[in-house]
Each structure stands twice: as structure tokens, then as C-alpha cells.
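Listed below, chain by chain, are the residues.
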Amino acid sequence: MRSLPSIINIINVIPAAMAVFDENLHYLAVSEKWIKFFRLTNKDIIGKSHADVFPNLTAHWKEINRLALLGVDNKSEAEQFEFEDGTFCWIKWETTHWKKDDGSIGGIIINLEDVTENRTISQNERRFQLFMDYLPGLCWITNTKNELKYANKCFFDKLHLS
């Protein structure tokens, strides 16, 4: 197994927003993406409490962290997250506990990804489909191989393909 300093060096450069905490939720390591995502540039957070870095942490996140420290890992595919300036984004996140050599829980790892763009595309696709389904004429979309990728309700109804 690698030593903690080696793992910390790996976390620093990993291409994901990730932070490693001890059992008191003090920062042991953070990736550059974590710093960027949370707009923490020019702040030295290693060794500081998560609660000190984020004094307005919601009860929801405090509970997720508390459960992870009890060994209950959690994740979400898309959850709305509000920054301190009031702006929002959608994140995919996961909390995982890690264990010390003696088997006791040593802390948690939080990994997250901004999925706002994916969610926006998905919402736009749903809006497009609703719009197309109410058009009175036949509408369809094919790919370059002429395979049907989308057809509106009228298309299926007129051709009795439902």
C-alpha cells in the first residue's frame, strides 16, 4: 500500500474534484479541481476543518458527512448545489469512508463532478420532444445511416407504428 504522502500527492493532481478528510473532517488533501470548483484559490485549507472552510454548510451535507464517518457511503447522480454567492449548479457526488491500518474509520473522501451541462442538455431534449409531439405533421430525425433517431407522436399514429 502507498504511504499517505504519496496518496496526497496523487490527489493533488487527479483530474477530478476530490477531497480527503480525517475523522474530524479536517482536510488532508484536495485536488486542484476541488479548489477551482469551490472557488478556493489562494486559500490554504489543508489541516483546516471543513466547517471552517464552509461555515454555511447545510444540515443535509453535515448529515451526509456524519453518515460517511459511521461507514455509510452515499452518492447522488444529480443534485442541485448552491454556492455562497447564490449561483446554482448540478453535481454528481459520492462520499466514501476510508480506514486506517487498524481497521477503524480514518475519515472520508468526497468526489464530485459538475453535471450542469449534461442536465441542461437533457432538459432541452425533453422540451424539444414535447414541442415536436404537439406538431400536427409528421416529424422525424435520422442519423447519417438513415436510422430513425426520433419521431413525433403524429408520425407513429399516422403510420400505425405505436
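Enquirer: Which residues make up the pattern of salt bridges, and what values do they have?
Expert: Tallied over the entire structure, the rule returns five salt bridges. For the salt bridge of D85 with R39, the shortest nitrogen-to-oxygen distance reads 3.0 Å. On the criterion of sequence distance, the pair formed by D85 in the loop between β3 (74-82) and β4 (88-99) and R39 in the loop between α2 (32-37) and α3 (50-53) is long-range, its members being 46 residues apart. Look at D85 and you get exposed, because its relative accessible area is 53%. A salt bridge links K153 to D157; the nearest nitrogen and oxygen atoms lie 2.9 Å apart.

Enquirer: Go over unusual backbone geometry, please, and point to the residues and values.
Expert: Despite not being glycine, L25 has its phi angle at roughly 60 degrees, a positive value. On the basis of relative accessibility, which here comes to 17%, the residue L25 falls in the buried class. Positive phi, normally seen in glycine, also occurs at N146, with a value near 65 degrees. Take N146: it is sitting in the loop between β6 (140-142) and β7 (148-151). By relative accessible area, N146 is classed as exposed at 64%.

Scoring rules and cut-offs
Residues numbered from 1 in each chain as written. Predicted model: local features only at pLDDT ≥ 70, side-chain atom pairs only at ≥ 80, totals over all residues. Heavy atoms only, no water. Salt bridge = Lys/Arg side-chain N within 4 Å of Asp/Glu carboxyl O. Helix = DSSP H or I, 4+ residues; strand = E, 2+ residues; numbered from the N terminus. Buried < 20%, exposed > 50% of the residue type's maximum accessible area, 1.4 Å probe, protein only.

Honestly, that's just the spatial picture; any functional story needs more than this.
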